[in-house]
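So the chains spell out like this:
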Amino acid sequence: MNSHTVVTDSSTAAALALQQVRLQRGRTQVFDGLSLQLHEPRIGLIGDNGAGKTSLLRLLCGLEVPDSGQVLSQGQDLHAAGAQRARWVGMMFQNPDDQIIFPTVVEELALGLQPQGLKKKEAKAQALQFLQNRGLQDWADRAVTSLSQGQRQHVCWLALLLAGPRSLLLDEPFASLDLPGQARLARDIAQTAQQVIVSTHLLEHVRNFSRVIWLEQGRVLADGAGSTVCAAYEASVRARVAAMDS
Ligand SMILES: Nc1ncnc2c1ncn2[C@@H]1O[C@H](COP(=O)(O)OP(=O)(O)OP(=O)(O)O)[C@@H](O)[C@H]1O
């Protein structure tokens, strides 16, 4: 298959796929021919700092363009898709301040509805209704800067849910959430109809996923049931820590 080939059979194509992707960031060759078919409704990404989890998510949502190879969503080239890409895939960033653009919560949520062709006023009304349905109407006109880090992360999750692309990519979504916040997000993820791909160091949140991918230096070290892959990663960490002590 050459680098311009586009798989067109969307009935069998994976929600997301990488074909022979090479990516360099700065001086680091992050991926050197990575291929993955991402069919499953819940996929976890685990691995040490610098393994390539964020880079993979950034490729999958079109923020990084591969140096060679292709990123596909249901068989269509993500980078050739232009504006409709926002209907296919959306990402929640590790740092909410990299994501939030608008001064108030309701405006930020409304932004995500614009790719659906809604006028500003309609989008704002829908965003307000969405907040009301979740008992968060008091947040609507709050300045985003007045929210805590964890609350801003929650706003990013709500914006992604409301925008409703068919694949949701979450980069360390639990990192700054308190325990009730983590439980709420885990419940939301479990109830979401769309595909959800989660990168995390908190393994309990992906251990029950049908698929977890363990990345190490841009390569797949293990790929399988969450319980098996998480146990293998934990065993590796234990062995490395033991080696440090000896
Ligand atoms: N903007 C950048 N410029 C140069 N190199 C980068 C950049 N971003 C990431 N890298 C490098 O790419 C590699 C993969 O980084 P990435 O952020 O994808 O890892 P990660 O698995 O998400 O790590 P973490 O668990 O720390 O978030 C690392 O070696 C990192 O140093």
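Conventions adopted
Residues numbered from 1 in each chain as written. Predicted model: local features only at pLDDT ≥ 70, side-chain atom pairs only at ≥ 80, totals over all residues. Helix = DSSP H or I, 4+ residues; strand = E, 2+ residues; numbered from the N terminus. Rg over C-alpha atoms; globule rule 2.2 N^0.38 Å. Contact = placed C-beta atoms within 7 Å. Pairing = 2+ DSSP bridges. Axes fitted to C-alpha atoms, helices over the stretch in contact; angles between N-to-C directions. Expected span 1.5 Å × (residues − 1). Buried ≥ 20, exposed ≤ 12 C-beta atoms within 10 Å, placed from the backbone. UniProt positions renumbered as here; feature names shortened; annotations may be inferred. Core = buried A, V, L, I, M, F, W, Y, C linked by C-beta atoms within 7 Å. Near = placed C-beta within 6 Å.

Examining the overall build of the protein
Within the protein, the secondary structure is distributed over seven helices and 10 strands. Here the C-alpha radius of gyration of the protein, 19 Å, is about what a compact globule of 246 residues would show, namely 18 Å. For the protein, the spread of C-alpha atoms along the principal axes amounts to about 55 × 50 × 35 Å. Within the protein, contacts between residues separated by at least 24 positions form 66% of all contacts whose residues are at least 6 apart in sequence.

Quick word on the sheet that holds strand β9 (residues 211-216)
Pairing is mixed in the open sheet, where six strands are placed in the order β6-β7-β8-β3-β9-β10. Lying at the two open borders of the sheet, with one neighbouring strand each, are β6 (89-92) and β10 (219-224). Taking each pair of neighbouring strands and ignoring which way they run, the sheet shows an average axis angle of 15 degrees. Relative to β6, helix α5 (residues 149-163) is tilted by about 170 degrees, and along the sheet it contacts β6 and β7 (167-171).

As for the sheet that holds strand β4 (residues 68-73)
The four strands lie next to each other as β2-β1-β4-β5, forming an open sheet whose pairing is antiparallel. Looking at strand neighbours, the two that pair on one side only are β2 (28-38) and β5 (76-77), the edges of this open sheet. With two bridges connecting them, β4 and β5 associate as antiparallel partners. The residue of β5 that forms the bridge with Ser73 is Gln76. Lying on the sheet, helix α1 (residues 53-60) is in contact with β1 (16-25), β2 and β4; it crosses β1 at an angle near 120 degrees.

Focus: α5
Here α5 contains 15 residues, and its C-alpha end-to-end distance of 21 Å stays within 8% of the 21 Å for a straight helix at 1.5 Å per residue. Among the 15 residues that make up α5, 11 are buried, leaving the element largely enclosed by the rest of the structure. Residues Arg152, Gln153, His154, Val155, Cys156, Trp157, Leu158, Ala159, Leu160, Leu161 and Leu162 constitute the buried set of α5. Among the structural elements, β6, α3 (105-111), α4 (120-133), β7 and α6 (179-191) are those in contact with the buried residues of α5. Gly164 sits one or two residues past α5 and shows a positive phi near 65 degrees.

Section: the UniProt feature "domain: ABC transporter" (unreviewed entry) in the protein
As annotated in UniProt, the feature "domain: ABC transporter" (unreviewed entry) corresponds to residues 16-242 in the numbering used here. For residues 16-242, the end-to-end C-alpha separation is 38 Å, with 34% helix and 26% strand making up the annotated structure.

What about the nonpolar core?
One recurring pattern in soluble globular proteins is that nonpolar side chains are buried together. Judged by nonpolar contacts, the single largest core of 64 residues is most densely connected at Leu60, Leu109, Ala127, Cys156, Leu162, Leu169 and Val212. Top element by residues in this core is α5. It accounts for eight residues. Setting aside anything within four residues of it in sequence, one finds Leu169 in contact with Leu57, Leu60, Cys61, Val89, Gly90, Met91 and Ile197.

Structural notes on the site of the ligand
In the vicinity of the ligand, the contacting residues are Arg25, Gly26, Thr28, Val30, Gly47, Asn49, Gly50, Ala51, Gly52, Lys53, Thr54 and Ser55. For the shell around the ligand, the leading source of residues is α1, giving three residues.

Some thoughts on the pairing of β2
The side chains of a regular strand alternate, residue by residue, between the two faces of the sheet. Where β1 meets β2, eight bridges bridge the pair, whose relative direction is antiparallel. Bridging from a neighbouring strand, Arg25 pairs with Thr28 of β2. The hairpin turn running from β1 into β2, its antiparallel successor, is two residues long, and Gly26 in that turn takes a positive phi close to 60 degrees.

Things to note about the environment of Asp138
Within the fold, Asp138 resides in the loop between α4 and α5. Overall, Asp138 belongs to the exposed group, with 10 C-beta atoms counted inside 10 Å. Along the primary structure Asp138 and Leu45 are separated by 93 residues, whereas in three dimensions their C-alpha atoms are 34 Å apart.

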